[in-house]
Structure formats: C-alpha cells, structure tokens
Amino acid sequence: MSSLGALAGHRIVPVIVIDDAGAAADLAHALSEGGIGCAEVTFRTNAAADAIAAMAAIEGFTVGAGTVISSEQLHAARDAGATFVVSPGFDAGLVDETRSLGLGVLPGVATASETMAAVNAGFDAVKFFPADRLGGLATIRALAAPFPGIGFVPSGGVTAATAPEYLADPAVPAVSGSWMASRAHLEARDFATIARLSAEATRAIGVRP
Ligand code: 3PG
C-alpha cells in the first residue's frame with residue numbers, strides 16, 4: 001500500500017492523545033459527526049491500543065496508530081486493528097517491518113535527506129514534522145521542489161486557521177493535528193466541542209460534514 005493510500009483519501013487526520021480508552025468510541029462518533037472519518041491514536045499513553053481497538057470496531061471509521069517508534073508498538077497497533085501507522089521520523093527497519101505486516105505507513109521527515117531516504121524507499125507521501133517549527137508551508141514548498149509528486153502531510157502546530165492554507169497547496173494531500181480533539185477535550189469528555197470543531201474544520205476545507 002502506498003503511504004498516501006494509507007490515509008484512504010482523508011484530508012484531515014486528527015492526532016489523538018487519549019488516557020481513557022472508554023472514551024474512544026464516543027470520540028470516533030464525534031469526529032464522524034463533524035465529517036472526519038479517521039483518527040491517528042498516538043502511542044503516548046497506555047490506553048492507545050485499547051482505544052484503537054474500540055475505534056476499529058466502528059463501521060466505516062479508519063483508525064491508525066501514531067507516534068510508533070518501536071517494533072513492540074507496531075505489533076500492538078496491528079493487533080489492535082490499526083490500518084496505518086505514523087511515525088515522527090524515518091526508520092528504514094521499522095518501515096520494512098510495517099510493510100511486511102501489510103499496514104500503510106506514513107514516516108516522518110524534517111529534512112531533504114530524510115525525504116530522500118523516504119522517496120528512495122518507495123514512499124509517495126511523508127509526514128512533515130514538526131511543521132510549524134520548521135517553517136510551515138514555505139518550507140514544504142521549498143522541499144517539494146526537488147521532490148515532485150511527493151505529498152507532505154504537515155503535523156505539529158497545524159490549526160483551524162492554517163489547515164485550509166496548507167491543503168490548498170498541491171504538495172499537501174492531508175494535514176494532521178490535535179486542534180479539534182485535544183487531550184483536554186477528551187479529559188473533559190467534551191464530545192460536543194470535538195464534533196463542532198471537526199465540522200468547522202471540514203467546512204473550512206470545503207467538505208460538507
Ligand atoms: C504530534 O505529533 O503531536 C502531532 O504532530 C500533532 O501536533 P499538534 O498537537 O501540535 O497538533
């Protein structure tokens with residue numbers, strides 16, 4: 001599966017840090033209500049695998065694992081039902097292992113050298129992280145010039161205001177971020193706000209929730 005294929009056409013990928021897997025199903029429903037049919041659940045909490053399993057059980061919802069930096073996390077993600085994996089950086093061994101498990105993978109890059117490694121490993125899209133700290137869209141445009149046809153998915157500091165600007169660029173197939181479903185929203189079980197912010201995001205990029 002191509003790295004772009006891993007995202008199954010989703011243009012906004014919520015980055016989830018969840019402490020209570022019991023909130024995962026409600027979260028998926030709130031995102032869906034706002035027109036977002038996928039999530040990247042990060043392996044930054046112990047609840048990640050159970051949350052992935054709960055969301056994977058929801059018909060029509062695409063769930064991936066984020067912050068995957070080890071083989072153990074990769075296997076936990078696969079066992080929980082994740083269909084794609086996102087990493088903050090590029091690790092050739094982990095990429096090969098992810099592909100051998102049949103999962104889609106979106107590796108992270110921050111430099112031209114890392115992008116080159118990803119392109120030469122056959123990737124058609126990469127995560128650009130941490131996007132805002134690295135100069136945002138201007139840096140993506142500079143990187144995209146020598147790598148035509150490669151999609152850059154900015155992550156890190158993307159906001160409701162900047163998402164549409166990023167997505168208007170042909171080099172940006174999708175954006176990811178936590179702004180519509182933050183850890184604080186989840187802790188407060190504020191699913192109404194998550195649904196509202198998701199709907200605002202999808203409307204802002206021209207997708208009807
Ligand atoms: C991350 O890895 O934390 C993502 O890039 C999301 O970043 P954000 O919380 O700034 O949206």
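Since this is a predicted model, take the numbers as computed values, not measurements.

Extensive coverage of strand S1 (residues 12-16) is indicated by the burial of five of its five residues. Here S1 shows two buried faces, one formed by Ile12, Pro14 and Ile16 and the other by Val13 and Val15. Both S1 and strand S2 (residues 38-42) contribute to a ladder of two bridges, which runs parallel. Along S2, the bridge assignment pairs Val15 with Glu40.

Right, let's talk about the sheet that holds strand S6 (residues 108-109) for a bit. Pairing is parallel across the open sheet formed by three strands, whose spatial order is S6-S7-S8. Where the open sheet ends on each side, the last strands, each with one partner, are S6 and strand S8 (151-154). Here S6 runs beside strand S7 (residues 125-128); their pairing, made up of two bridges, is parallel. Among the inter-strand pairings, Gly108 is bridged to a residue of S7, identified as Lys127.

A few words now on the sheet that holds S2. Spatial strand order, S5-S4-S3-S2-S1-S9: six strands in an open sheet with parallel pairing. The outermost strands of the open sheet, each flanked by one partner alone, are strand S5 (104-106) and strand S9 (175-177). Looking at each pair of strands side by side, their axes are set apart by 25° on average, direction ignored. Note that strand S4 (residues 84-86) and S5 share three bridges and pair parallel. Its bridge partner being in S5, Phe84 is matched across the sheet by Gly104.

This next bit is on helix H10 (residues 191-204). For H10, with 14 residues, the first-to-last C-alpha span of 20 Å sits near the 20 Å given by 1.5 Å per residue. Among the residues of H10, Ile194, Ala195, Leu197, Ser198, Ala199, Ala201 and Thr202 are the ones counted as buried. On its buried side, H10 packs onto S1, helix H2 (24-33), helix H8 (162-167) and helix H9 (183-187). Backbone geometry just downstream of H10 places Gly206 in the positive-phi region, at approximately 85°.

About the criteria used
- Residues numbered from 1 in each chain as written.
- Predicted model: local features only at pLDDT ≥ 70, side-chain atom pairs only at ≥ 80, totals over all residues.
- Buried ≥ 20, exposed ≤ 12 C-beta atoms within 10 Å, placed from the backbone.
- Helix = DSSP H or I, 4+ residues; strand = E, 2+ residues; numbered from the N terminus.
- Pairing = 2+ DSSP bridges.
- Axes fitted to C-alpha atoms, helices over the stretch in contact; angles between N-to-C directions.
- Expected span 1.5 Å × (residues − 1).
- Contact = placed C-beta atoms within 7 Å.

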